[in-house]
Structure formats: C-alpha cells, structure tokens
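Descriptive analysis of the structure
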Amino acid sequence: MPSPRQVKGSTAPWHRRTPRQQNTTLRKRGFRPEIQGLRAFAVVLVAVYHVWFGRVSGGVDVFLLISAFLMTTSFVGRIQRGAALGWHEVTRYWVHVFKRIVPLAVVTVVLTLLGSRLFLGADRWVPAIREAFAVLFYGENWYSIRHAVDYYASDSEAASPFRHFWSLSIQGQIFLVWPLLFCLTSLMVRRLQARARRILALMFVVILLGSLAYAVHQTAVDQSGAYFNTWARLWEFALGSLLAIVCTRITIRGPLAAVLSWTGMAAILLCGALLDVQGKFPGIVALWPTVAACLVIACTPSGTRWEPKEFSPGSRWWSWGRRPTPSIWCTGLYWSSTWPSRGRKRPDSSRERGCSRWRRRLRWS
C-alpha cells in the first residue's frame, strides 16, 4: 500500500492526502478553512461571554463581516469571469443559502418554543409564538425595536428567548439585498464596459460611510434600538465586501503577517473585556473587532514559526472530514445561548424556579 505522500492528485481519500494536497484541493474549491475557523471562534466567543461573563463580546460583528466577505468573494469571481448574473443566478443563490440556514433555524425555534412552554409562565407563551414567526420571516430585529426589547437585560426571566436571532434576521436581509447589488453591477459592467471592482468598491464605500455615520448618530440617540437596526449594521457588511474586493490586491507575508494575525486574534478575544460593547456598539467603537477580523483574513499564511497555524489554510484544526464547517454547528449554540444566561430576579412561579435551577446547572456544567 502506498504511503500518503505517494498518493497523487485529488482522487485519494481525504485522510490519506498530505497537508499540502489538502491545502491545494481546498484552494481549488475556493474554500478557506481559516475563515470558517474564525467564524466559529467568533460564535463561540459570543456564547462564552454571554453565559459565563454576562457581557457582549463583539463576536457578532465579526460574524456579519465574514458573511459579507464570503458572499462578495463568490459573486465578484463570477462577474470577473464574465458569467451572466441575472435573476436565475440570484434566485439559485438564495435557494442555496437559505436551504442551509432555515432547517437549523426551524429546529432551534421549535425547541425554544417547547422550552418556553415547559419552563416559562403562561403569560409568556403567546408573545413567544408571535416572536417565533418574526424569527422565521427574518424580522426579529425589527420586532425587537418595535417592542423595545432590551438585549442587555440582566433579568433573564423577562428576557426574550429569541433575542439572539436578531443577527440572523439582519444577515438574511443582507443575503436578499446584496445579490441584487451584484446583479446590478454585472449589468453595468456589460453595458458600460467598466471594471467590476471599481464599481463595487465605490458602491460599498458609499454604503460604509453612510451607514457608519448613521450608526454613530443612532448610538448616541438610542443605543438600544441602534443595536438591532439593519441600517446601522450595513457598514459592517460593506467593510467585509470591501475586504473581499481589495484582498486579492494585498499581499502580507512573513513575520509581519504573523504579528498582524495574532494581534487581530487578541483584539477580537479581548474586545468584550476591554470595551463598553453594551453602551457603544454599533458605533465607531465597533471598528475594533471588525478591523481586527480584517487583519486576520488579509494576512496570508507566512509559514513562519510564530504563525497562528490554527487559522492557516488546510489546518487540520478546522478541517474535520471532507467538508470542514464547524461554524454551522456553533451557530445553533449561539442562537440558543440565551437560555443558560444568568438571571437575577426571583422567579414568581414554581415552573420558573425550576427553569432557573436548570439554567444554573447548565451554566456550570
């Protein structure tokens, strides 16, 4: 039997390929496991900060930026190859994306409703059903604004069991709008013979500046509502799209790449501990985790001794099996991480007292 290093090409089983062969295969597929690993890290960070520290980490901002980065990378490649980008391609993309997100969301919503019925009071059942419909139709963030939901409520007995779904709603709205922008860009490229990257860069710069200015204003006026506001979050998606556009033009290697990567990882990790995320996001302070994520993504693997290999392409840390997507599993953890949050108000009913005991056991398990 030949050794793994004697196996040629991509026809060999995944576990028998050398790391170099795995890396080559992943790059040919356009897959970057270090980005999936960064996304999973951000989601786990959100859950850990919520459950054990009672704080907001800023990992959601990283998650949203990465989503826009991956989507833009895919569409820009199609436009530059001269592929037609019309209604058929856009609808096919929507089907491809939502068939991966919706089943997990539905399962989480159903389980959350069952938990609400078992552990919460009867007065919470009807509002929970109404909010569940808002979640399934990607309007949870606007529902939270309309009903003045306090995302930072320390009293978990009064907190919404679906409050973490606001980010899924904003992400779903962007998944619907962004492809239409790419479709418009493709039309302009064919009609005006213009360069796609220049048009997209100008478009996303305008969105970034306008949305960031709006976010700063709304954060100063109504920070609780601004946190859920799609318009105040557009700049994070625009920054991710700009990164995807300019990333191929930037090459950062060697020790500098290793230093910047580790700096970005440390900044993401410490964001929730050092910054007042609860009172300042999504304003100008939210540039801290998003720019840090840009550093990690933009720095190509340097091959140096001090490189953060856990986030390098082809790393077995994030490449579990043939399709290394740990971030999908972590998303469900994030959506349901409201339940083990700590509560401070004394429960009124025996059912809610049992729920509190269950949450405490889960938190320290």
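Residues numbered from 1 in each chain as written. Predicted model: local features only at pLDDT ≥ 70, side-chain atom pairs only at ≥ 80, totals over all residues. Heavy atoms only, no water.

1. Thoughts on the overall build of the chain
Looking only at helices and strands, the chain has 15 helices and zero strands in total. Sorting the 365 residues of the chain into buried and exposed places 54% on the buried side. For the chain, the share of sequence-separated contacts (at least 6 apart) that also reach a separation of at least 24 residues comes to 77%. Roughly 18100 Å² of accessible area belongs to the chain as shown, and the carbon and sulfur atoms make up 64% of that amount. (Helix = DSSP H or I, 4+ residues; strand = E, 2+ residues; numbered from the N terminus. Buried < 20%, exposed > 50% of the residue type's maximum accessible area, 1.4 Å probe, protein only. Contact = heavy atoms within 4.5 Å. Areas by Shrake-Rupley, 256 points an atom, 1.4 Å probe, with all protein chains shown as cover.)

2. Here we look at the confidence of the model for the chain
The share of residues in the chain with pLDDT of 70 or more is 71%, and the mean pLDDT across the chain is 76. Note on residues 1–17: pLDDT under 50 across the span, and 24 contacts to partners over four residues away in sequence or across chains. Within the model, pLDDT remains below 50 along residues 302–307, and this stretch shows 16 contacts once partners closer than five positions in the same chain are excluded. (pLDDT = per-residue confidence, 0-100.)

3. Focus: unusual backbone geometry
Along the chain, F281 connects to P282 via a cis peptide bond; the corresponding omega equals 5°. By secondary structure assignment, the location of P282 is in the loop between α12 (277–280) and α13 (287–298). Positive phi values are uncommon outside glycine, yet Y138 reaches one of about 55°. Mapped onto the secondary structure, Y138 falls in the loop between α5 (125–136) and α6 (140–146). The exposure class of Y138 is buried, given its relative accessible area of 16%.

4. Here's the deal with the packing of helix α3 (residues 59–80) against helix α10 (residues 234–247)
Interhelical geometry of α3 versus α10 gives an angle of 45° and a closest axis separation of 7 Å. Relative to α10, α3 is oriented oblique. The two elements α3 and α10 cross, and the hand of that crossing is right-handed. Facing α3, whose interface residues are D61, L64, L65, A68, F69, T72, T73 and V76, α10 presents E236, F237, L239, G240, S241, L243, A244, I245 and C247. (Axes fitted to C-alpha atoms, helices over the stretch in contact; angles between N-to-C directions. Parallel < 35°, antiparallel > 145°, perpendicular 65-115°, else oblique. Left-handed = near helix turned anticlockwise from the far one by under 90°.)

5. Thoughts on the packing of helix α7 (residues 166–192) against α10
Two elements in contact, α7 and α10, have axes whose closest approach is 11 Å; the angle formed by their N-to-C orientations is 55°. Accordingly, the angle class assigned to the pair α7 and α10 is oblique. Both α7 and α10 take part in a crossing whose hand is right-handed. Here I170, Q171, I174 and W178 of α7 lie close against α10, whose contacting residues are L234, F237, A238 and S241. A per-class count over the contact of α7 with α10 returns six nonpolar, two polar and no charged. (Nonpolar A, V, L, I, M, F, W, Y, C, P; charged D, E, K, R; others polar.)

6. Re the nonpolar core
Of all hydrophobic cores here, the largest spans 80 residues; its most connected members are L38, W178, F182 and F204. Among the elements that make up this core, the one with the highest residue count is α3 (11 residues). (Core = buried A, V, L, I, M, F, W, Y, C linked by side-chain atoms within 4.5 Å.)

7. Topic: the packing of aromatic side chains
Going through the model one piece at a time under the given rule, you end up with 11 aromatic pairs. Between F75 and Y93, the ring centres sit 4.8 Å apart and the planes meet at 65°, which makes this aromatic pair edge-to-face. One end of the pair, F75, is in helix α3; the other, Y93, is in helix α4 (residues 87–119), and 18 residues separate them in sequence. The class of Y93 is buried, set by a relative accessible area of 9%. In textbook terms, an aromatic cluster arises when at least three aromatic residues are bridged by ring pairs, as seen for F75, Y93, W178, F182, F204 and F237. We note R117 situated over the ring of W125; from NZ or CZ to the ring centre the distance is 5.8 Å. (Phe/Tyr/Trp six-rings, centres within 6.5 Å; stacked < 30°, edge-to-face > 60°. Lys NZ or Arg CZ within 6 Å of the ring centre and 35° of its normal.)

8. Here's the deal with the pattern of salt bridges
Applying the stated criterion to the full structure yields two salt bridges. Among the salt bridges present, the one from D61 reaches R233, with a minimum N-O distance of 2.7 Å. Placement of D61 in helix α3 and of R233 in the loop between α9 (223–228) and α10 is noted, with a sequence separation of 172 residues between them. Owing to a relative accessible area of 1%, D61 belongs among the buried residues under this scheme. (Salt bridge = Lys/Arg side-chain N within 4 Å of Asp/Glu carboxyl O.)

9. A look at the environment of L260
Here L260 is to be found in helix α11 (residues 254–274). With 36 residues separating them in the primary sequence, L260 and V296 have C-alpha atoms 7.0 Å apart. What L260 contacts, discounting residues up to four positions off in sequence, is I252, L295 and C299.

10. Some thoughts on the side chain of T185
Note on placement: T185 falls in helix α7. In this structure T185 comes out as buried when scored by relative accessible area, which is 0%. Ignoring sequence-local partners within four residues, the contact set of T185 consists of I79, A196, I199, L200 and M203.

11. Topic: a nonpolar patch on the surface
Residues V102, V106, V107, V110, L111, L114, F133, L136 and F137 make up a contiguous nonpolar surface patch of roughly 830 Å² in combined accessible area. Put simply, the parts of the chain that give the nonpolar patch at least two residues each are α4 and α5. Ranked by residue count, the leading element in the nonpolar patch is α4, at six residues. Considering the arrangement of structural elements, one finds V107 in helix α4. (Patch = residues over 30% accessible without salt bridge, like charges linked within 9 Å, V, L, I, M, F, W, Y side chains within 5 Å.)

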